[in-house]
Every structure is written in C-alpha cells, then in structure tokens.
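Examining the three-dimensional arrangement
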Amino acid sequence: MRRAPVRAVLDTNVLVSALLFDKGRLSWLRPCWQTGRITPVLAQPTAMELLRVLAYPKFRLEPIDRDRLLEDLLPWSESWSAPIPSSTQRVRDPHDQVFLDLALAAATPVLVSGDADLLALKESVVPLQIVNPADFQIWLGASL
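Notes on the structure in this doc start here. (Residues numbered from 1 in each chain as written. Predicted model: local features only at pLDDT ≥ 70, side-chain atom pairs only at ≥ 80, totals over all residues. Heavy atoms only, no water.)

Focus on the sheet that holds strand S1 (residues 6-10)
This is how it is decided: The pairing criterion for strands is at least two bridges between them, as found by DSSP. Secondary structure elements follow DSSP: runs of H or I no shorter than four residues count as helices, runs of E no shorter than two count as strands, and numbering proceeds from the N terminus. Note on definitions: angles span 0 to 180 degrees between N-to-C directions of axes, and those axes are lines fitted to C-alpha atoms, for helices only across the stretch in contact. Here, residues are in contact when the closest pair of their heavy atoms is within 4.5 Å.
Strand order in the open sheet formed by 5 strands is S3-S2-S1-S4-S5, and the pairing between neighbours is parallel. If you trace the sheet from one side to the other, it starts and ends with strand S3 (78-80) and strand S5 (129-131), each paired once. Going from strand to strand, the sheet's axes swing by 35 degrees on average, the running direction of each strand aside. Bridge count for S1 against strand S4 (residues 110-112) is 3 bridges, and the pairing is parallel. Within S4, the residue paired with Leu-10 across the bridge is Val-112. Against the sheet, helix H3 (residues 44-54) touches strand S2 (38-43) and S3, its axis set at about 95 degrees to S2. On top of the sheet, helix H5 (residues 97-105) reaches S1, S2, S3, S4 and S5; it is set at about 160 degrees to S1, its chief contact.

Pasting the structure below:
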C-alpha cells in the first residue's frame, strides 16, 4: 500500500538547488515531489521569495526559464492560503521566520533547510522536525 506524501516546507535555498542543478546534491528532491513521495508546502510569502531568488542575475535565467522551473514544482505543491500566525519561537534571521511559521501553521511534520538559524531551533519546536537535506533524505527512506 502506497503511503500518503510527506508534507514538507522546503526553504528557498533547498528549492533553488533542487530546481537549478540537475546533477547537484539536491537533485534527488525533484523526483520525490514529482512521484508523490513528498508534497512541498508553499505560501504566498515563500513563493514570492522563490521568485525573487530565481530572478538573481547570477542564475542568468530568462522569464521563460523561470516559468519552466516553476512548472517542475508548482503542480506537485500544496498552496497554503490560510493565515500564518507568527510563532513564539524566533529565528535569529528574520527572513527565515516565515519558513518556521508556515511549517507550524500548516502542521507539516518537517522543515528542510541548510540554514544554521533554522537548524538551531530543531530541539525547541517538537513535534516539527527541522532537518538538513541529507538528514531529510535519510528520514524519507526510513518513513516511506
């Protein structure tokens, strides 16, 4: 019997790495959401952050290229449109707060990030698991 996809908040850097680098260390994530192993959870502020980062000049992406990348993510994602209350847990970098708040509001079991400011909170937001991508890959293998 096939299990339901694992709902997860993936921070912008994780998503960008999975989308941009076909042979990169996070390329394994794209097939995970496209085959239904995971469901990335996005909200308006996190989607806007993704769009902003994909437009960085260093990536040299034309609008059509950015659209194609989004086509590889959005159909398999869950859009969280309910309010996202601010958590009592504060992230050192305020730009990262939205990822924690979204994971808690959407009641996802996991937040995937390589960011030290988010990972520093992993012991204080139980039952939410905050893990780096390598640990998420191991966790997925164990949970599916």
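Past the structure itself, the notes keep going.
Comments concerning H3
Here is the rule we go by: Classification of residues uses two cut-offs on accessible area relative to the type maximum, computed with a 1.4 Å probe and protein chains only: under 20% is buried, over 50% is exposed, and between them is partly exposed. For this quantity, the arc is that covered by the directions from the helix axis to the C-beta atoms.
Burial in H3 covers these residues: Thr-46, Leu-50, Val-53 and Leu-54. Each buried residue of H3 lies within a common arc of 100 degrees when the element is viewed along its axis, so the set occupies one face. Lining the buried residues of H3 we find helix H1 (12-20), S2, helix H4 (63-71) and H5.

A look at H4
Of the residues making up H4, those classed as buried are Arg-66, Leu-69 and Leu-70. Each buried residue of H4 sits inside an arc of 100 degrees when the element is viewed along its axis, so together they form one side.

Thoughts on the environment of Lys-122
Structurally, Lys-122 is set in the loop between helix H6 (116-119) and S5. The spatial distance from the C-alpha of Lys-122 to the C-alpha of Arg-68 is 33 Å, given a sequence separation of 54 residues. In this view, Lys-122 contacts Leu-128 and Ile-130; residues no more than four positions away in its chain are not counted.

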